[in-house]
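The lines below spell out each chain.
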Amino acid sequence: MKTNPEQASDFLTQCQTDAPRRWSAEDFAQQQQFVNDGVAGMEWADWSTPMAAMQLIQSSLLGVAMEEADRHEAIVVAGPVVELLPLAEVFEMAARRLNSAGRLVGVIPCLRDNSPESQLFMDLAAEQLWPYCVAEELMETLEESGFELEGEGGGFAAVPQFVRAVIDDELAFKGFRKIFDEMEKQGYDPIEVGWGELRFSAKLKEADED
């Protein structure tokens with residue numbers, strides 16, 4: 001499945017406006033603390049911004065690798081890029097930009113499990129917007145991309161404010177609202193969607209072989 005370009009453009013335009021509606025102040029504080037702990041004392045690159053997302057998406061669309069000259073001790077992957085690009089591709093890009101002992105710190109929206117409501121949401125999102133996956137699948141993709149989890153304090157974290165914001169039609173980006181409307185038409189209650197995010201710190205497996 002590929003990202004819907006028109007929806008992606010609208011999503012990028014609205015993502016900063018919608019961020020405080022999708023996440024609570026407590027969510028942001030926990031994310032920031034997790035990232036700060038993950039990159040403490042390291043030189044790191046921030047791929048969480050809309051500008052970074054645009055650069056990475058452009059690189060993906062053009063099939064041109066990003067400049068490889070600078071390697072980083074750590075990269076933070078979060079924000080629009082981890083929703084708009086396939087995660088395997090994001091992880092591969094990051095692996096090429098990390099040094100041999102590099103660390104990847106991620107905050108990635110996903111679903112808790114494949115309950116009927118969450119599965120229908122994922123199916124409709126893949127059809128209309130871009131793919132999402134469950135936390136377990138995300139961790140498998142991370143491992144297949146050459147990383148292994150490390151550290152403590154990560155794991156799946158529920159983000160209930162997102163579902164409430166979509167149901168109440170508070171977001172400027174309307175793509176999620178259309179999915180919830182379709183779910184309701186099919187007899188499913190969107191409030192049961194197990195939305196959240198996986199927070200993780202991972203290192204390149206090759207580091208163990210040095």
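See the structure shown above.
Note that this is a predicted model, so its numbers are computed, not measured. (Residues numbered from 1 in each chain as written. Predicted model: local features only at pLDDT ≥ 70, side-chain atom pairs only at ≥ 80, totals over all residues. Heavy atoms only, no water.)

Engineer: Which parts of the structure should I look at to understand the sheet that holds strand β2 (residues 72-77)?
Structural biologist: Paired through their backbone hydrogen bonds, the strands of a sheet run either parallel or antiparallel. An order of β1-β2-β3-β5-β4 is seen for the five strands of this open sheet, with the pairing classed as mixed. Edge positions in the sheet fall to β1 (44-46) and β4 (147-158), since each of these pairs with one other strand and no more. This sheet shows a mean twist of 15 degrees between the axes of neighbouring strands, independent of strand direction. Pairing of strand β3 (residues 98-111) with strand β5 (residues 195-204), which is carried by nine bridges, proceeds in the antiparallel orientation. (Pairing = 2+ DSSP bridges. Helix = DSSP H or I, 4+ residues; strand = E, 2+ residues; numbered from the N terminus. Axes fitted to C-alpha atoms, helices over the stretch in contact; angles between N-to-C directions.)

Engineer: Is there a simple way to think about the packing of aromatic side chains in this case?
Structural biologist: Aromatic ring pairs are reported here in terms of the distance separating the ring centres and the angle at which the planes meet. Per the stated rule, a full pass over the model turns up 16 aromatic pairs. Relative to Phe176, the ring of Phe121 lies with its centre 6.5 Å away and its plane at 25 degrees, an arrangement referred to as stacked. Remark: Phe176 occurs in helix α9 (residues 175-185) and Phe121 occurs in helix α6 (residues 116-128); sequence separation between them is 55 residues. Like Phe121, the residue Phe176 is buried in the burial classification. Ring centres of Phe173 and Phe176 lie 5.4 Å apart, and the angle between their planes is 80 degrees; on these two criteria the pair is classed as edge-to-face. Here Phe173 and Phe176 have matching classes, each one buried. Of the aromatic side chains, those joined through ring pairs into one cluster are Phe11, Phe121, Trp130, Tyr132, Phe162, Phe173, Phe176, Phe180 and Trp195. (Phe/Tyr/Trp six-rings, centres within 6.5 Å; stacked < 30°, edge-to-face > 60°. Buried < 20%, exposed > 50% of the residue type's maximum accessible area, 1.4 Å probe, protein only.)

Engineer: What exactly am I supposed to notice about the nonpolar core here?
Structural biologist: One broad trend across soluble globular proteins is that nonpolar side chains are buried collectively. By size, the foremost hydrophobic cluster in this structure holds 57 residues, and its most contacted members are Phe121, Phe176 and Phe200. The contacts of Phe121, once residues within four sequence positions are left out, are Leu111, Tyr132, Phe176, Ile179, Phe180, Met183, Val193 and Trp195. Counting eight residues, the second largest nonpolar core, distinct from the first, contains Val35, Ala74, Val76 and Val107. (Core = buried A, V, L, I, M, F, W, Y, C linked by side-chain atoms within 4.5 Å. Contact = heavy atoms within 4.5 Å.)

Engineer: Would you mind going over the pattern of salt bridges with me for this structure?
Structural biologist: Where charged atoms from two side chains of opposite charge approach closely, those side chains can pair. Within the structure shown, the criterion is met by ten salt bridges. The shortest N-O distance in the salt bridge between Asp18 and Arg21 comes to 3.4 Å. You can see Asp18 and its partner Arg21 sitting in helix α1 (residues 5-22), three residues apart, about one turn around the helix. The buried category is assigned to Asp18, whose relative accessible area is 3%. The partly exposed category is assigned to Arg21, whose relative accessible area is 32%. Beyond isolated ion pairs, a larger network of salt bridges with shared partners links Arg177, Asp181 and Glu184. (Salt bridge = Lys/Arg side-chain N within 4 Å of Asp/Glu carboxyl O.)

Engineer: Just to check I follow, could you spell out unusual backbone geometry for this structure?
Structural biologist: Most peptide bonds are trans, and most residues other than glycine sit at a negative phi. A positive phi angle, near 55 degrees, is found at Asp169, a position not held by glycine. Locating Asp169 in the fold gives a position in the loop between α8 (160-167) and α9. According to the relative accessible area criterion, Asp169 is partly exposed, its value standing at 41%.

Engineer: Would you take a moment to explain the side chain of Glu197 for this structure?
Structural biologist: Note on placement: Glu197 falls in strand β5. Look at Glu197 and you get buried, because its relative accessible area is 0%. There is a polar contact of 2.8 Å between the side chain of Glu197 and the side chain of Arg199. When near neighbours in sequence (up to four residues on either side) are disregarded, Glu197 contacts Trp23, Gln31, Val107, Ile108, Pro109, Cys110, Gly155, Phe156, Ala157 and Val159. (Polar contact = N/O pair within 3.5 Å; in protein donor to acceptor, adjacent residues only side chain to side chain.)

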